[in-house]
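Now for the letters of each chain:
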Amino acid sequence: FAHFCGVVAARYPDVKHFLVWNEMDGFISGSNWSSPCPTMSMDGPKYTTLFKKVARAVKARNPHARVGGPYVPISSAQCAPGTHGEVSGAWGAVNEGVLSFIRYFVQHAAGDFDFFALDGHLAYRAEHINGSSYKPPATDDPMNATGIFPAITRWIRKRSGLPTSIPIWWSEMYPVPCHDTTAYGPSDKVWPVDEQIAVFTKAMEEISAPELGVEVFLNWGAQVNSNCFVAMYNDTA
């Protein structure tokens, strides 16, 4: 895989930024997934080995490239409201398994990443209805649920060991839901546009605080109807 990435980097020398993806798929394990705070871990050694091989292969073929990772999904096994932890708030807590992985990666991948990449959703609470799982906003006021974004960003900047010179990328960040997914509940109800804009704006302002050092924010949502404000591209249908 690293060799393939190096070939891609050589073929497209005009591409200057590379993200090593895919949200830790294949590197996550755990139990008690339905509990308020599941037992979850991410395999730091295996993923970091993969990342370093990819980063070095890309830079060997494209010396001007900037490579980022680990694309860690901070919403994985999120702990429910009322749970306290190293990164927590009214919206709940970031799972300790995520924090442990971040510490490991920052220490052991040092020198091989040029920006630190994150992925995450509006803080949620897990609900199970008629055999289906849903993840509605963590609190009745979605404005409070945006707190997960600045909280984890600040922790990474201040307490993970990340060098101050390394910028942070929110490679995927979803401050508001859209009804193209059943993740938020068994309903076709769509948030009013003004509420979407308000929550989205608050989340953007919070992670844009200069001391957090966020360089990039990307939202990969698709526009599925006239009420879905947050969209990076149009629905091809």
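Scroll up a little and you will see the structure.
Attention here is on the structure that accompanies the text. (Residues numbered from 1 in each chain as written. Predicted model: local features only at pLDDT ≥ 70, side-chain atom pairs only at ≥ 80, totals over all residues. Heavy atoms only, no water.)

Overview of a negative patch on the surface
Among the surface-exposed residues, Asp140, Asp141, Asp194 and Glu195 lie close enough to one another that they form a single negatively charged patch. With respect to the helices and strands, Asp141 occurs in the loop between β9 (132-134) and α4 (142-145). When its relative accessible area of 35% is taken as the criterion, Asp141 is described as partly exposed. (Patch = residues over 30% accessible without salt bridge, like charges linked within 9 Å, V, L, I, M, F, W, Y side chains within 5 Å. Areas by Shrake-Rupley, 256 points an atom, 1.4 Å probe, with all protein chains shown as cover. Salt bridge = Lys/Arg side-chain N within 4 Å of Asp/Glu carboxyl O. Lys, Arg positive; Asp, Glu negative; His and termini not counted. Charge placed at Lys NZ, Arg CZ, Asp CG, Glu CD. Helix = DSSP H or I, 4+ residues; strand = E, 2+ residues; numbered from the N terminus. Buried < 20%, exposed > 50% of the residue type's maximum accessible area, 1.4 Å probe, protein only.)

Looking at the pattern of salt bridges
If you walk through the whole model with that rule in mind, you get 9 salt bridges. The partner of Asp112 in a salt bridge is Arg56, with the nearest N and O atoms 3.0 Å apart. Here Arg56 lies in helix α2 (residues 44-61) and Asp112 lies in the loop between α3 (96-108) and β7 (115-121), a separation of 56 residues in the sequence. According to the relative accessible area criterion, Asp112 is buried, its value standing at 9%.

Considerations on the sheet that holds strand β10 (residues 168-174)
Pairing is parallel in the open sheet, where 5 strands are placed in the order β1-β4-β7-β10-β11. Of all the strands in the sheet, just β1 (17-19) and β11 (214-217) have a single pairing partner and so form its edges. Across the sheet, the mean angle from the axis of one strand to that of its neighbour is 25°, orientation sign disregarded. Taken together, the 5 bridges between strand β4 (residues 66-73) and β7 define a ladder with parallel strand orientation. Opposite Pro73, over in β7, you have Asp119 as the bridge partner. (Pairing = 2+ DSSP bridges. Axes fitted to C-alpha atoms, helices over the stretch in contact; angles between N-to-C directions.)

Thoughts on the side chain of Thr153
Examined against the element boundaries, Thr153 turns out to sit in helix α5 (residues 148-159). Those residues in contact with Thr153 that lie beyond four places of it in its chain are Ile168, Trp170, Ile207, Leu212 and Val214. (Contact = heavy atoms within 4.5 Å.)

Focus: the packing of aromatic side chains
Using the criterion set out here, one finds 12 aromatic pairs in the structure. With centroids separated by 5.4 Å and ring planes inclined at 90°, the aromatic side chains of Phe27 and Tyr47 adopt a geometry described as edge-to-face. Here the residue Phe27 occupies a position in the loop between β1 and β2 (28-31), and Tyr47 occupies one in helix α2, the gap between them amounting to 20 residues. Owing to a relative accessible area of 1%, Tyr47 belongs among the buried residues under this scheme. Geometrically, the ring pair formed by Tyr47 and Phe101 is edge-to-face, given 5.8 Å between the ring centres and 75° between the ring planes. In this pair, Tyr47 sits in helix α2 while Phe101 sits in helix α3, placing the two residues 54 residues apart along the sequence. Overall, the relative accessible area of 1% leaves Phe101 in the buried class. (Phe/Tyr/Trp six-rings, centres within 6.5 Å; stacked < 30°, edge-to-face > 60°.)

With respect to the nonpolar core
Core analysis: the largest hydrophobic core is formed by 52 residues, its most contacted members being Phe51, Val72, Ile102, Phe116, Ile152 and Ile156. Phe51 has contacts with Val20, Val67, Gly68, Gly69, Phe105, Ala109, Asp112 and Phe113, leaving out every residue within four places of it along the chain. (Core = buried A, V, L, I, M, F, W, Y, C linked by side-chain atoms within 4.5 Å.)

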